[in-house]
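An overview of the molecular structure
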Amino acid sequence: MLDESLLDAPEALARADRRGLLRGAAEAGARVRTAARHAAEAGIAELTPEGRPRAVLIAGPGTAATGVADLLAELAGPTAPVTRLHPTGVAPAAGALRWALPGWAGSVDLLLIATTDGSEPGLALLAEQAYRRGCTVVAVAPQRSPLSDAVARVHGLVVPMATAPHELDEETSSAASPGAFWALFTPLLALLDRVGLISAAPEAMQGVADRLDSIAERCGPAIATYSNPAKTLAAELADTLPLIWTEGAAGPVGRRFAAVLAELAGRPAIAAELPEALPAHGMLLAGDFAAGADPDDFFRDRVDEPQAVRARVLLLRDSLDNGFTAAPAARELALSHDTAISELEPEDGSALETLAELLAVTDFAAGYLALASNGHA
C-alpha cells in the first residue's frame, strides 16, 4: 500500500531516502554538466575519426548500462547498428561476469564500455580482446578503477565517471539510480556525436541539463502532489500493474521505467510499444487484472482480504507532430475495459530534451513509489 501522506512530507521523504534516489534525480542536470566536462577533458572533443564505425558494441552490467545501450540504439537509428553485449556468468557479481565480442567484430567497429563499478575482470578481458581484434575501445568508468587501468593499457580512451559525494557511501550507490545513468550516458552521447552517429553537440547537452533542472523544480519533494507530475504518477500507479505503452522514441524510456520500478521499488510493470502493445496486452485488460474482475458475491466481506491488483495503462509518448499516432486506439481499448490511463507527453524541444523530460519524470516517480511503498529506499 502506498503511504500517500509521505509524499507531501518532504522532511520524512529525505529521512527515508537512504539510497539518494530523489537526490540523484534532482541532481541529474548537474551530473550531465559534470559528465560533459569530464568527456571534454578526456579529449573526446578533439577526436578526428576517420568515418563512421560499422557497428557500435556496448558492454556493461546492470540497469544503467542496459538503458544507455537502448537509448543510444534509438537515437542512432539506422546510421549504424548499436548492440549491447549481454554478460554471462554464474552470479551477478563483478568477478563472475564475462563478455565476448561477436565473431565478426574487427577494426571498423567501436566498443563502448559503461560501468559504475570498474572492478569487473570480464570487462578488462573484453577490452584486451577488442584490442587484439583492432576495435576502438572507449570506457566510462570510475576513476582509478582496475578497468580504467586495463583500458589505458590497450590504448583505449577512458572517461572518468562523474560521481557525487553522497554516492561514495555504498548504501547510497545503485546502478539503477538516475545519477548513474546520466554519468554513463552523457560522455557516450558526446562520443557518438563526434563520430557522426547522433546529434549531441555541447549546446544540445546544455539544453538537456536545463530541461532536467526544470523537471527537478516541478517534481521535487517540496512540490505538493496535486501540482507535481511525478508524485501524481506515483499515486496513480500504486497498487496497480502498470502497462507501459510507448510511442515514438519513448520505447527505451518505458523499458527503463519498468526495470527501475522492479529494481528500486520492487514493483512489476510491463512495457511494450504501440501499436503492438494493444494485442499483446489486450488479455491483461480483460482477465484477472481487469478493473471489473471477480465481480462474484458483491456483498462478501473483503475487509481482511488483500486489495486486488488491477492493470493501469501508462502512455508514454515523445513529441509527435505528424498526427500519425496509435494513442486514440490505446485510449479506446483501455476505456472499453474500464481501465484507468495515465499519460506523459513532454513539452516541445529537441529529441534529447524530450527524452530527458520523460526519463526525469519517471525516475522521480519510481523514487516516490519506492519510498512511499516501502517506507525507505
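What you see is a predicted model; the values in this text were computed from it and never measured.

**Comments concerning the overall build of the protein chain**
- Counting its secondary structure elements, the protein chain contains 14 helices and nine strands.
- Over its C-alpha atoms the protein chain spans a radius of gyration of 21 Å, differing by no more than 12% from the 21 Å that the globule rule assigns to 377 residues.
- Summarising its shape, the C-alpha atoms of the protein chain cover approximately 70 × 45 × 45 Å along the three principal directions.
- Long-range pairs, those at least 24 residues apart, make up 77% of the contacts in the protein chain between residues at least 6 apart in sequence.
- Carbon and sulfur atoms form 54% of the exposed surface of the protein chain, whose accessible area is close to 16500 Å².
- The protein chain carries 28 positive and 49 negative side-chain charges, and their two centres are separated by 6 Å.

**Focus: the sheet that holds strand 8 (residues 310-317)**
- Ordered by their spatial adjacency, four strands build an open sheet running 7-6-8-9, and the pairing between neighbours is parallel. Only two strands of the sheet have a single neighbouring strand rather than two, namely strand 7 (270-273) and strand 9 (341-344). Strand-to-strand, the axes of this sheet are offset by a mean angle of 20°, without reference to chain direction.
- Pairing between strand 8 and strand 9: four bridges, direction parallel. Counted as the bridge partner of V313 is I341 from strand 9.

**Points about the domain arrangement of the protein chain**
- Domain assignment breaks the protein chain into domain 1 (4-13 + 221-374) and domain 2 (19-211).
- The gap between the C-alpha centroids of domain 1 and domain 2 is 29 Å.
- Taken together, the 27 residues of domain 1 in the interface contact 23 residues of domain 2.
- Both sides of the domain 1 and domain 2 interface together cover about 2200 Å² of buried area, and 69% of this is carbon and sulfur.
- Ranking the residues of domain 1 by area buried against domain 2 places R256, L264 and L352 at the top, with a combined share of 31%.
- The tally of links from domain 1 across to domain 2 stands at three salt bridges.

**Brief notes about the confidence of the model for the protein chain**
- Of the residues in the protein chain, 90% reach a pLDDT of 70 or more, and the chain-wide mean stands at 90.
- A low-confidence stretch, residues 295-300 stays under pLDDT 50, and its non-local contacts, those more than four residues away or across chains, total four contacts.

**Quick notes on the pairing of strand 1 (residues 56-59)**
- Alternating residues of strand 1 divide into V56 and I58 and L57 and A59, and every residue in both groups is buried.
- Sheet topology places strand 1 next to strand 2 (residues 82-85); four bridges connect them, and they run parallel. Within strand 2, the residue paired with V56 across the bridge is V82.
- After leaving strand 1, the chain enters helix 5 (residues 62-76) and then returns to the sheet as strand 2, a path that is right-handed.
- With four bridges joining them, strand 1 and strand 3 (residues 110-114) adopt parallel strand pairing. For V56, the partnering residue across the bridge sits in strand 3 and is L110.

**Let's talk about the nonpolar core**
- Core analysis: the biggest nonpolar cluster contains 89 residues, and L72, L112, W182, L192 and F257 have the highest contact counts within it.
- The leading source of residues in this core is helix 14 (residues 351-374), at 15 residues.
- When residues of this core are assigned to domains, at least three map to each of domain 1 (4-13 + 221-374) and domain 2 (19-211).
- L57, A105, L111 and V137 belong to the second-largest nonpolar core, a separate cluster that totals 20 residues.

**Quick look at the side chain of E357**
- Within the element layout of this structure, E357 appears in helix 14.
- Look past the residues within four positions of E357 in its chain and what remains in contact with it is R211, I215, R218, E345, P346 and E347.

**As for the environment of A370**
- Among the structural elements, A370 can be located in helix 14.
- It is 9.6 Å that separates the C-alpha atoms of A370 and A262, two residues lying 108 residues apart in sequence.

**A closer look at the pattern of salt bridges**
- One pass over the structure, following the stated rule, counts 16 salt bridges.
- In this structure, D210 engages R33 in a salt bridge whose closest nitrogen and oxygen atoms are separated by 2.9 Å. With D210 in helix 9 (residues 202-219) and R33 in helix 4 (residues 28-41), this residue pair connects regions lying 177 residues apart in the sequence.
- Residue D210 is classed as partly exposed on the basis of its relative accessible area, which comes to 39%.
- On the basis of relative accessibility, which here comes to 30%, the residue R33 falls in the partly exposed class.
- Its salt-bridge partner being E347, residue R218 comes within 4.0 Å of it at the nearest N-O pair.

**Observations concerning the packing of aromatic side chains**
- By the definition in use, this model includes four aromatic pairs.
- For the pair F181 and W182, a centre-to-centre distance of 5.2 Å together with 80° between the ring planes defines the contact as edge-to-face.
- Overall, the relative accessible area of 0% leaves F181 in the buried class.
- Summarising the aromatic geometry, the rings of W182 and F185 are spaced 5.7 Å apart at their centres and angled 55° between planes, so their arrangement reads as tilted. Here W182 pairs with F185, and both are found in helix 8 (residues 178-194), just three residues apart, close to one helical turn. F185 carries the same exposure label as W182, and that label is buried.
- A connected cluster of aromatic rings, assembled from ring pairs, spans F181, W182 and F185.
- Directly above the ring of F181 sits R256, whose terminal nitrogen or CZ lies 4.6 Å from the centroid.

Here is what the cut-offs are and how they apply
- Residues numbered from 1 in each chain as written.
- Predicted model: local features only at pLDDT ≥ 70, side-chain atom pairs only at ≥ 80, totals over all residues.
- Heavy atoms only, no water.
- Helix = DSSP H or I, 4+ residues; strand = E, 2+ residues; numbered from the N terminus.
- Rg over C-alpha atoms; globule rule 2.2 N^0.38 Å.
- Contact = heavy atoms within 4.5 Å.
- Areas by Shrake-Rupley, 256 points an atom, 1.4 Å probe, with all protein chains shown as cover.
- Lys, Arg positive; Asp, Glu negative; His and termini not counted.
- Charge placed at Lys NZ, Arg CZ, Asp CG, Glu CD.
- Pairing = 2+ DSSP bridges.
- Axes fitted to C-alpha atoms, helices over the stretch in contact; angles between N-to-C directions.
- Domains from an automatic or database assignment.
- Buried area = accessible area lost by both parts, 1.4 Å probe.
- Salt bridge = Lys/Arg side-chain N within 4 Å of Asp/Glu carboxyl O.
- pLDDT = per-residue confidence, 0-100.
- Buried < 20%, exposed > 50% of the residue type's maximum accessible area, 1.4 Å probe, protein only.
- Right-handed = clockwise from strand over helix to strand, strands pointing away.
- Core = buried A, V, L, I, M, F, W, Y, C linked by side-chain atoms within 4.5 Å.
- Phe/Tyr/Trp six-rings, centres within 6.5 Å; stacked < 30°, edge-to-face > 60°.
- Lys NZ or Arg CZ within 6 Å of the ring centre and 35° of its normal.

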